[in-house]
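Structural overview
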Amino acid sequence: MSQKSPLQAKKKGFTMPHTFVILLVIILFAAALTWIIPSGEYARIEDPVSGKKVVDASTFNYVENVHVNIQDIPMLIIKAFSANADLIMLILLSGGAIHMLTASGALQALIATIVRKFSNRVEVFIPLLMLVFALICTTQGVNTFIGFAPITVMLAMSLGLDSIVGVGIILLGGAIGFSTGPLNINTTIVAQKIAGLPLYSGVGYRFICFAVFYVITNIYLIRYALKIQKHPELSPMYELDKTSEFRDAADLDSFGKLDARKILIMLVFFASLILIVYGGIKLDWDMSETAAVFLALAVIEGVLGGFGPSAISKEFLEGCKKMLGAAFIIGMAQAISSIMNAGHITDTVVHALANGLNFVPTILLGPAMLLANTIINVFLTSGSGQAAAVIPILAPLADLVGVTRQTAILSFNFGDGFCNYVLPTSTALMGILGAANVPYDRWMRFMWKMFAIWLGIGAVLVVIAQLIQYGPM
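The text that follows walks through the structure, step by step, so that each part is easy to find. (Residues numbered from 1 in each chain as written. Predicted model: local features only at pLDDT ≥ 70, side-chain atom pairs only at ≥ 80, totals over all residues. Heavy atoms only, no water.)

Quick look at the overall build of the protein
On a plain count of helices and strands, the protein comes out with 21 helices and four strands. Over its C-alpha atoms the protein spans a radius of gyration of 23 Å, differing by no more than 12% from the 23 Å that the globule rule assigns to 473 residues. Look at the contacts in the protein between residues 6 or more apart in sequence, and 81% of them connect residues 24 or more apart. Counting every atom, the protein has about 20700 Å² of accessible surface; 65% of that belongs to carbon and sulfur. (Helix = DSSP H or I, 4+ residues; strand = E, 2+ residues; numbered from the N terminus. Rg over C-alpha atoms; globule rule 2.2 N^0.38 Å. Contact = heavy atoms within 4.5 Å. Areas by Shrake-Rupley, 256 points an atom, 1.4 Å probe, with all protein chains shown as cover.)

Re the side chain of Arg206
Take Arg206: it is sitting in helix H10 (residues 203–230). A distance of 2.6 Å separates the side chain of Arg206 from the side chain of Asn413, its partner in a polar contact. Setting aside residues no more than four positions away along its own chain, Arg206 makes contact with Thr180, Gly181, Pro182, Thr188, Gln192, Ser201, Gln406, Ile409, Leu410, Asn413 and Tyr470. (Polar contact = N/O pair within 3.5 Å; in protein donor to acceptor, adjacent residues only side chain to side chain.)

Looking at the packing of helix H18 (residues 383–401) against helix H19 (residues 405–418)
Their axes nearest at 9 Å, the elements H18 and H19 cross at an angle of 145°. As H18 runs across H19, the sense of the crossing is right-handed. Facing H18, whose interface residues are Gly383, Gln386, Ala387, Val390, Ile391, Leu394, Ala395, Ala398 and Asp399, H19 presents Arg405, Ala408, Ile409, Phe412 and Asp416. Grouping the amino acids of the contact of H18 with H19 by side-chain chemistry returns nine nonpolar, two polar and three charged. (Axes fitted to C-alpha atoms, helices over the stretch in contact; angles between N-to-C directions. Left-handed = near helix turned anticlockwise from the far one by under 90°. Nonpolar A, V, L, I, M, F, W, Y, C, P; charged D, E, K, R; others polar.)

Quick notes on the side chain of Thr34
Tracing the backbone shows Thr34 in the loop between helix H2 (19–33) and strand E1 (40–41). Ignoring anything within four residues of it in the chain, the contact list for Thr34 reads Val66, His67, Val68, Ile339, Gly343 and Ile345.

Concerning the state of the cysteines
As enumerated under the stated definition, the model contains zero disulfides in all. There is no disulfide at Cys419, and the cysteine sulfur nearest it, in Cys137, is 16 Å away. (Disulfide = S-S within 2.5 Å.)

Quick word on the nonpolar core
Soluble globular proteins tend to pack their nonpolar side chains together in the buried interior. Judged by nonpolar contacts, the single largest core of 161 residues is most densely connected at Ile126, Ile391, Trp443 and Trp454. In this structure Ile391 touches Ala191, Ile194, Ala195, Gln386, Pro396, Ile409 and Phe412, once residues within four positions along its chain are discounted. (Core = buried A, V, L, I, M, F, W, Y, C linked by side-chain atoms within 4.5 Å. Buried < 20%, exposed > 50% of the residue type's maximum accessible area, 1.4 Å probe, protein only.)

So, in structure tokens, the structure goes:
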């Protein structure tokens, strides 16, 4: 009998299942709960200020039990997709527009211009470059910038810094934009749609949160950078960076020049975002109107970028493909709430949670939601999937415990967003660390304090949101 080699005998490490697998398990679990949890429901009344339907806390009643059978699940999933067709189209079309922006080279040229002008001043270079990544990530995920990691690491090393500063510029900047989510379709807009809030409502306070996180995060990274510049041996990457392949000067020429054509593309991009926010807040736009703007934006970017009709079509579809996974995740995650609603157990769960939260001081309800979303994100790392799964419960729960729905969504944003930069299951984190050859344990030596600071700031900002009755609803 042949013996196994040490490599073969080595136990296979745990691998986090695909998000679809996790969602399917949750879907089956939700169906099983309809056989365990008694059916119940609240009456809904019209809020006199917003005109939206909200839970009447005094009207919970148990009703006749309704069970969901396993053969019902495929049809409930399909119905969830159909009910969210406009949201799914928005996700796909926004992906096409964002991809067209990077395909034109306008974003890369903008970054290269900033680097050339300010790369010799750490205290200016870091905040400016981080601001670019932060602003762009208010609309999309940080994994878009995995290809930029080697360039920022090279730039950092050329200034006498380490590779952690290089990846930190992208990851920390991206974290701020994504986690505050002023314009993020995959998280904030999905959550607001489900919660019945106007799209892009509350954007002012979100940008205040953006500014607070931006300033404090820059202070943290700049202090670290100046320390490493003065004492390189204090870097967790000190020995590894000595033999790094990225020690050569960055090739900025590959990013191209910021010519008039690319400047115009960036102006059109930011003008479109302003139009979308204005439409959502002032013109009562829904998903369909916003999706139409992204479709037009993609075509305009392609024309300005010098692409022909066939090239525009190819690049546009390439961007849509990148968002196909997110679109399917939303449909499957929404099936969870569809199953719970079909079994009339959503209100029963909300009723139980509300009773449990009666023991939590009102001022701490927002931070409690933030902590709960942080824990949930360990298992369900998709922002859009988490929004579709938890907001149907958080929104009515917020009505019952006296937290505004906007505050509940903000706590979801912070909980879903910031822990993506410490979780080894995060594709954005591990992709960028892998591209820059930064081991996860070395990153965490630098990052754990920043994450703790983020959670503390997030809790304070959520408390302030609740005190000011951050709305609408």
